[in-house]
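Next come the chains, spelled out residue by residue.
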Amino acid sequence: MLKIIHRLEENIIALLLVGMTLLVFVETILRFGFGMGLMWSEELTLHLSAWMVLFGASYGLRVGAHIGVDFLVKKFSEETQRIIGLIMVAAALVYCILFMYGAWEYLGKIYKVGIELNDMSIKKWQAHSILLVGFLLIGIRLIEIGMRMWRYEQTMISMHDEAKEVLELQKEAVGGLK
C-alpha cells in the first residue's frame, strides 16, 4: 500500500510541476506576445503551488531531503539520538494532528457555505483540501520514520547534510586539481 502511495505522490508532484510550468509559460506568451491573458491563471498557479509544496514536504520527509540543524543531536550517543528523534516525531505528529483538525473544521465550514474560488468555478473546499491531504501524507511519513526509530532501524530523522555535501565536493575539486 505504501508503494502505491509513494508512486502516486511522485506522479502528482510531477504533474503539478508540469502543469504550473505550462500554465506560466502560456500566460507569459499571451501577456507579452499578444497583450492578453487568462483571468484564472494566477489563481490556479497559486493553488497548484500550494498543492506542490505540501506534497513536496511529504516527499522530502520520505527521501531525507529536508534540511535540519542536527549539530547538537549528533554529539549524543545513538540511543539518545533515537530518543530525541522519537520526541521530535511525536511533536511533529501533534502539530500535524492539530493542523488536520483545523483544516477539517475550515473545510467543513466553507463546504457548508458553498463558496467558489474568485476566478474559477471550483468549490473553495476542493481547492483547499490539500491542507488536509498534505498534512495527512506528512503524518504518514512521520509515522513511518517513528516506526523505523522504534525498531532501531534509524536514530534520527533523515535530513540532507549540506555541510557534508560541501566537504565532499571540496575534496573532489581538490582531488581533481592534483
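Residues numbered from 1 in each chain as written. Predicted model: local features only at pLDDT ≥ 70, side-chain atom pairs only at ≥ 80, totals over all residues. Heavy atoms only, no water.

(A) Focus on the pattern of salt bridges. Evaluation of the coordinates by the stated rule reveals eight salt bridges. Notably, a salt bridge pairs Glu-10 with Arg-62, separated by 2.4 Å at the nearest N-O pair. Here the residue Glu-10 occupies a position in helix α1 (residues 2-34), and Arg-62 occupies one in helix α2 (residues 41-63), the gap between them amounting to 52 residues. A relative accessible area of 28% places Glu-10 in the partly exposed class. Note that Glu-144 and Arg-141 form a salt bridge whose closest N and O atoms lie 2.9 Å from each other. With Glu-144 and Arg-141 both in helix α5 (residues 130-150), this residue pair falls three residues apart, about one helical turn. The class for Glu-144 is buried, based on a relative accessible area of 16%. The network of salt bridges with common partners includes Arg-7, Glu-9, Glu-10, Arg-62, Arg-141 and Glu-144. (Salt bridge = Lys/Arg side-chain N within 4 Å of Asp/Glu carboxyl O. Helix = DSSP H or I, 4+ residues; strand = E, 2+ residues; numbered from the N terminus. Buried < 20%, exposed > 50% of the residue type's maximum accessible area, 1.4 Å probe, protein only.)

(B) Quick look at unusual backbone geometry. Positive phi values are uncommon outside glycine, yet Tyr-152 reaches one of about 65°. Tyr-152 sits in the exposed class, given a relative accessible area of 56%.

(C) Summary view of helix α3 (residues 78-113). For α3, which comprises 36 residues, the first-to-last C-alpha distance of 52 Å matches the rise-based estimate of 52 Å (1.5 Å per residue) to within 8%. Among the residues of α3, Gln-81, Arg-82, Gly-85, Val-89, Cys-96, Met-100, Ala-103, Leu-107 and Ile-110 are the ones counted as buried. Where α3 is buried, its residues meet α4 (124-127) and α5. One or two positions beyond α3, positive phi appears at Gly-114, with a value near 80°. (Expected span 1.5 Å × (residues − 1). Contact = heavy atoms within 4.5 Å.)

(D) Representation of the packing of α2 against α5. Running from amino to carboxyl end, α2 crosses α5 at an angle of 5°, the nearest separation of the two axes being 9 Å. Taken together, the axes of α2 and α5 lie roughly parallel to each other. Contacts between α2 and α5 pair Ala-50, Trp-51, Leu-54, Phe-55, Ala-57, Ser-58, Leu-61 and Arg-62 from the former with Ile-130, Leu-131, Val-133, Gly-134, Phe-135, Leu-137, Ile-138, Arg-141, Leu-142 and Ile-145 from the latter. Among the residues forming the contact of α2 with α5, the class breakdown is 14 nonpolar, two polar and two charged. (Axes fitted to C-alpha atoms, helices over the stretch in contact; angles between N-to-C directions. Parallel < 35°, antiparallel > 145°, perpendicular 65-115°, else oblique. Nonpolar A, V, L, I, M, F, W, Y, C, P; charged D, E, K, R; others polar.)

(E) The arrangement of the packing of aromatic side chains in detail. Under the defined criterion, the tally for this structure stands at five aromatic pairs. Between the aromatic rings of Tyr-95 and Phe-99, the centroid separation amounts to 5.9 Å while the plane-to-plane angle is 55°, which identifies the pairing as tilted. Here Tyr-95 and its partner Phe-99 are both found in helix α3, four residues apart, which amounts to about one turn of the helix. Ring geometry for Phe-99 versus Phe-135: centroids 4.1 Å apart, planes at 15°, classification stacked. Here the residue Phe-99 occupies a position in helix α3, and Phe-135 occupies one in helix α5, the gap between them amounting to 36 residues. Its relative accessible area of 30% is what places Phe-99 among the partly exposed residues. Taken together, the ring pairs in this structure connect Tyr-95, Phe-99 and Phe-135 into an aromatic cluster. (Phe/Tyr/Trp six-rings, centres within 6.5 Å; stacked < 30°, edge-to-face > 60°.)

So, to be careful, I would describe these as geometric facts and stop short of saying anything about function.
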